[in-house]
Amino acid sequence: SLTTRVDLLKFNADGQVMAMTSRSNKEALRLVHGPTFSTFSNWPTAQTPLHYVSSLDFSPNGALLVCGNDRGKVLLYRLKHYNTI
């Protein structure tokens, strides 16, 4: 879980997943399962190159998560739970 202030908060279209991030720390992004309020412990990993996340959003069907970071990169991640792509 995050231990700093939350700067960005987004829900996917069906409300099942919430993404939250803090600009205070590198790699500070967490995904939360909405119905159970539990964080996904398997992502992001230490090898996920998020850096400082400055923006984020879900695709309309919730299968993709896009993150922009302070290095000017846009990172696109597929959420494997959603097989509708």
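This write-up is about the structure you can find in this document. (Residues numbered from 1 in each chain as written. Predicted model: local features only at pLDDT ≥ 70, side-chain atom pairs only at ≥ 80, totals over all residues. Heavy atoms only, no water.)

**Some details on the environment of Val 32**
Note on placement: Val 32 falls in strand β3 (residues 29-33). Residues Val 32 and Ser 55, 23 residues apart in the sequence, show an inter-C-alpha distance of 17 Å. (Helix = DSSP H or I, 4+ residues; strand = E, 2+ residues; numbered from the N terminus.)

**Brief notes about the nonpolar core**
Looking at soluble globular proteins, one finds that nonpolar side chains tend to be buried together. Leu 29, Leu 31, Leu 50, Leu 56, Phe 58, Leu 65 and Cys 67 are the most contacted members of the largest nonpolar core, which totals 15 residues. Of all the elements in the fold, those that place two or more residues in this core are β2 (17-21), β3, β5 (53-58), β6 (64-69) and β7 (74-78). When residues in this core are grouped by element, the largest group, three residues, is from β5. (Core = buried A, V, L, I, M, F, W, Y, C linked by side-chain atoms within 4.5 Å. Buried < 20%, exposed > 50% of the residue type's maximum accessible area, 1.4 Å probe, protein only.)

**Describing the sheet that holds strand β4 (residues 38-39)**
On the basis of which strands lie adjacent, the open sheet formed by four strands has the order β1-β2-β3-β4 and antiparallel pairing. Only two strands of the sheet have a single neighbouring strand rather than two, namely β1 (8-11) and β4. Where β3 and β4 come together, two bridges link them in antiparallel fashion. Across the sheet, residue His 33 finds its bridge partner in β4, namely Ser 38. (Pairing = 2+ DSSP bridges.)

**Focus on the side chain of Thr 21**
Summarising the element assignment, Thr 21 is placed in strand β2. A residue is classified by how much of its surface remains accessible, and Thr 21, at 0% relative accessible area, is buried.

**What to know about the sheet that holds β5**
With antiparallel pairing, the three strands of this open sheet are ordered in space as β5-β6-β7. The open sheet has two free edges, formed respectively by β5 and β7, since each of these has just one partner strand. Each strand axis lies, on average, 20° off the axis of its neighbour in the sheet, ignoring direction. Pairing of β6 with β7, which is carried by five bridges, proceeds in the antiparallel orientation. Within the sheet, the bridge partner assigned to Val 66 lies in β7 and is Leu 76. (Axes fitted to C-alpha atoms, helices over the stretch in contact; angles between N-to-C directions.)

Keep in mind that these numbers describe shape and distance, not what the molecule does.
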